[in-house]
Amino acid sequence: MTLDDSLVSLSAVELRRLIGARQLSPVELLEACIARIEAVNPYINAVTATAFDRARVEARAAEQAVMAGDTLGLLHGLPLGVKDLEPTAGLLTTFGSPIYRDHVPTEDVTLVARLRHAGAIVAAKTNVPEMGAGANSRNTVWGATGNPFNPNLNAGGSSGGSAAALASDLFPLCTGSDTGGSLRIPAAKCGVVGFRPSPGVVPSVRKPLGWTPISVVGPMGRTVADACLQMAASAGPDAGDPLSYPLDPLQFLAPGNADLGRLRVAYTEDFGLCDVDDGIRATFRAKIAAMRHLFAACDPIEIDFGEAHRCFDVLRAEAFVAGMREAYEKDPASLGPNPRANFEMGAAMSLKDCAWAQAEQTRLIKRFQRAFDDYDLILSPTTPVSPFPWTQLYAEAINGKRQENYYRWLALTYVITLTTHPALTLPCGRDHQGMPFGLQIVGRFRGDREVLAAAQGMESAFAGNEELRRPRPDLAGLKAAEPALTSIVTAPPGVARGPSAAEVSAV
């Protein structure tokens, strides 16, 4: 497969600069992205429903606006991939569930509306696990998403389609969301940036429990600056999310590079309660050894996370009960094993369980602040295992220890979800299996801008170090996954879908 990377591999920030300088047409950029999708997506199945005809019309309008000297938005003319959990007007939104196989919303959700208002062109949707449940992006509607570094392995989830699309240069920007790690985990597995903002910074209006802080939406990008660009276009209050609050979204546009030599950094392999593969532990130790000289201090730390596992079990199940009660009571068999397990877990719980979980999370948050009395950041691995085959629903065991449910292996990220602190996954070389390794960077309470600045400084410092810099997949050498990632799926009239590996077996 011969690929032209001259345009699509440029950062979103650089592409937006070229568009504003009249050195690049939005039409040219969109066509380059479509050509890349047609060439690469059959191998990884990251893109699902598409809106190429509409996108072409919008790209021509964007070009005319540039030539007319109109005021341009932050994302003007940039093609955007939208996670298939976010409703998009006129574009199939399935949530990865057969229940919504024919669902075409009439309105954009707030996040998508803001990005479109900033000039982004919604070109397609990206794949997810059914209802976003789990960290392996596969479902019976679209099939599975393969990792761009090896399509036989999983791309993480639930923002797996977005992460794989970014790593493969299908789009300059993609959206994501995060409850237990759904932004951070796929970003780590595919070698891109995923940022979980503090609750309320970017309004999350589709969560059924408006006051819960565990579910957020946030940006994904190939660089920290690209994630910052999307943050600046999407942050700010909205009444649909009662946790949102007034802030200046432009503060995230250019946070600068933090002076790493002034930062005091702590690190942990497992937060004291997470199962982590021995190979990932060894990889993490080697990464810390290679970067510790960059900081004023880089010390191991112990943190008391109390009963974080049980706490997350209850809060997660509570959200699933709120969101899936109607579907479950109508037909339990209509839900796949992951969302059904979450609903049934929650339905068996009592008000006493919920009250305890809310109180335990409050206690945990208060204890967690003590770590920042002495340190500016906390570093950890993002995932406890290297990417495994997508045919395996989840990591059933780690170091021989069986995981008690399908999401327990996500603990490195969900314990940070419980703290409500901002967290970013930064590409950090490769792991012991040669796959991307993601470094989780956790900042102070509401320290979103500071986390972005620190991550940008680290990204710059890592760029000159082969062991630490962002890895790139060999897309020209991609081979079809075995078994095939997709099956033939019929979309509603007028709605396109991503091509399957069965349809395009050789490109």
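Note that the structure is predicted; figures quoted are calculated from it, not measured.

Cut-offs and rules
Here the residue numbers are simple positions, counted from 1 along each chain's written sequence. Residue-level local features of this predicted model are given only where pLDDT is at least 70; pairs of side-chain atoms are given and counted only at 80 or more, and the full residue set underlies all totals for whole chains, interfaces and linings. Only hydrogens and water are set aside when side-chain values are computed; all heavy atoms of the structure are taken into account. Here a strand is any run of E in DSSP of at least two residues, a helix any run of H or I of at least four, and the numbering for each starts at the N terminus. Two things to know: the radius of gyration comes from C-alpha atoms, and the globule rule equals 2.2 Å times the number of residues to the power 0.38. Burial classes: relative accessible area under 20% of the type maximum marks a residue as buried, over 50% as exposed, and values in between as partly exposed (1.4 Å probe, protein chains only). UniProt positions are given in the numbering used here, feature names are shortened, and annotations may be inferred rather than shown by experiment. Values of pLDDT, which run from 0 to 100, indicate the predictor's confidence residue by residue. Throughout, a contact is declared for two residues whenever any of their heavy atoms are within 4.5 Å. To obtain the arc, one takes the directions from the helix axis to the C-beta atoms. When two rings of Phe, Tyr or Trp (its six-membered ring) have centres within 6.5 Å they constitute a pair, described as stacked for plane angles under 30 degrees, edge-to-face for angles over 60, and tilted for the intermediate range. In our convention, an over-ring charge means Lys NZ or Arg CZ found within 6 Å of a ring centre and within 35 degrees of that ring's normal. Put simply, buried Ala, Val, Leu, Ile, Met, Phe, Trp, Tyr and Cys residues joined by side-chain atoms within 4.5 Å make one nonpolar core. Counting of polar contacts relies on pairs of N or O atoms within 3.5 Å, with two restrictions inside protein: one atom must be capable of donating a hydrogen and the other of accepting it, and residues adjacent in sequence are counted only when both atoms are side-chain atoms. Two strands pair under a simple rule: DSSP has to find at least two bridges between them.

## So, the overall build of the protein chain
Part 1 of the reasoning: Looking only at helices and strands, the protein chain has 13 helices and 18 strands in total.
Part 2 of the reasoning: The globule rule puts the C-alpha radius of gyration for 507 residues at 23 Å, and the 21 Å found for the protein chain is close to it.
Part 3 of the reasoning: Projected onto the principal axes, the alpha-carbon positions of the protein chain cover approximately 55 × 55 × 45 Å.
Part 4 of the reasoning: Relative to its 507 residues, the protein chain shows a buried fraction of 62%.

## Regarding the UniProt feature "domain: Amidase" (unreviewed entry) in the protein chain
Part 1 of the reasoning: Here, the residues flagged by UniProt with the feature "domain: Amidase" (unreviewed entry) are residues 28-452.
Part 2 of the reasoning: Secondary structure over residues 28-452 splits into 35% helix and 17% strand, and the C-alpha atoms at its two ends are 31 Å apart.

## Re the confidence of the model for the protein chain
Part 1 of the reasoning: Residues at a pLDDT of 70 or more form 96% of the protein chain, whose mean pLDDT is 94.
Part 2 of the reasoning: Low pLDDT (under 50) marks residues 487-507, which in the prediction has 39 contacts with non-local residues, meaning those over four places away or in another chain.

## Details of helix α10 (residues 337-347)
For the α-helix, the turn length of 3.6 residues means that residues three or four positions removed from each other point alike.
Part 1 of the reasoning: Taken residue by residue, α10 has N338, P339, N342, F343 and G346 as its buried positions. All buried residues of α10 project into a common sector of 130 degrees when viewed along the axis, lining one side. Of the residues in α10, the exposed ones pointing more than 90 degrees away from the buried face are P337 and A347.
Part 2 of the reasoning: At its buried positions, α10 is contacted by α9 (308-330).

## With respect to the packing of aromatic side chains
Part 1 of the reasoning: Using the criterion set out here, one finds 11 aromatic pairs in the structure.
Part 2 of the reasoning: Judged by centre distance (5.9 Å) and plane angle (75 degrees), the rings of F312 and Y407 are edge-to-face. Separated by 95 residues along the polypeptide, F312 in helix α9 and Y407 in the loop between β15 (401-402) and α12 (411-419) bring together distant segments of the chain.
Part 3 of the reasoning: On the basis of relative accessibility, which here comes to 1%, the residue F312 falls in the buried class.
Part 4 of the reasoning: When the ring of Y406 is compared with that of Y407, the centres are 5.3 Å apart and the planes differ by 90 degrees; the resulting orientation is edge-to-face. Judged on exposure class, the residue Y406 and its partner Y407 are both buried.
Part 5 of the reasoning: Counting every residue linked through ring pairs, the aromatic cluster contains F271, F305, F368 and F372.
Part 6 of the reasoning: Sitting over the face of the ring of W356, R310 holds its NZ or CZ atom 3.8 Å from the ring centroid.
Part 7 of the reasoning: Note that R316 overlies the ring of Y407, its terminal NZ or CZ placed 4.6 Å from the centroid.

## Considerations on the environment of A49
Part 1 of the reasoning: Turning to its location among the elements, A49 is positioned in strand β1 (residues 47-50).
Part 2 of the reasoning: Exposure remark for A49: the relative accessible area of 0% places this residue in the buried category.
Part 3 of the reasoning: Linking A49 and N127, residues 78 residues apart in sequence, is a C-alpha distance of 9.0 Å.

## Observations concerning the nonpolar core
Part 1 of the reasoning: Counting residues in hydrophobic clusters, the biggest one holds 122 residues, and the most contacted among them are M291 and M458.
Part 2 of the reasoning: Here this core takes nine residues from α9, the largest share from any one element.
Part 3 of the reasoning: Sequence-distant contacts of M291, that is, excluding residues within four places in its chain, are made with L379, C428, L439, M458, F462 and L468.
Part 4 of the reasoning: Judged by nonpolar contacts, the second largest core, of 32 residues, contains I44, A62, A163 and A167.

## Focus on the side chain of Q440
Part 1 of the reasoning: Assignment of secondary structure puts Q440 in strand β17 (residues 436-442).
Part 2 of the reasoning: Q440 gets classed as buried once you look at its relative accessible area, which sits at 0%.
Part 3 of the reasoning: Within the local environment of Q440, its side chain forms a polar contact with the side chain of R184, the two groups lying 2.9 Å apart.
Part 4 of the reasoning: A polar atom in the side chain of Q440 sits 3.0 Å from the backbone oxygen of L412.
Part 5 of the reasoning: Excluding residues within four positions of it along the chain, Q440 makes contact with R184, F271, I378, L379, S380, P381, T382, L412, T413, I416, A423 and L424.

## Concerning the environment of E38
Part 1 of the reasoning: Among the structural elements, E38 can be located in helix α2 (residues 26-44).
Part 2 of the reasoning: Since its relative accessible area comes to 46%, E38 is described here as partly exposed.
Part 3 of the reasoning: Along the backbone, E38 and L170 are 132 residues apart, and their C-alpha atoms lie at a distance of 9.2 Å.

## Here's the deal with the pairing of strand β13 (residues 377-381)
Part 1 of the reasoning: The buried count for β13 comes to five of five residues, which makes it a mostly enclosed element.
Part 2 of the reasoning: Sheet analysis places strand β11 (residues 264-267) next to β13, joined by three bridges and oriented parallel. Residue pairing across strands places Y267 opposite L379, the latter belonging to β13.
Part 3 of the reasoning: Here four bridges tie β13 to β17, and the two strands are oriented antiparallel to one another. For L379, the partnering residue across the bridge sits in β17 and is I441.

## Quick look at unusual backbone geometry
Part 1 of the reasoning: A cis geometry characterises the amide bond from G157 onward to S158, with omega recorded as 10 degrees.
Part 2 of the reasoning: Along the polypeptide, S158 turns up in the loop between β7 (150-154) and α5 (160-167).
Part 3 of the reasoning: A cis amide bond links E482 with the next residue in sequence, P483, at an omega value of -5 degrees.
Part 4 of the reasoning: Along the chain, the position of P483 falls in the loop between α13 (448-462) and β18 (496-497).
Part 5 of the reasoning: One non-glycine residue, F271, lies in the positive phi region at around 55 degrees.
Part 6 of the reasoning: Take F271: its relative accessible area is 2%, and that puts it in the buried class.
Part 7 of the reasoning: Positive phi values are uncommon outside glycine, yet T420 reaches one of about 65 degrees.

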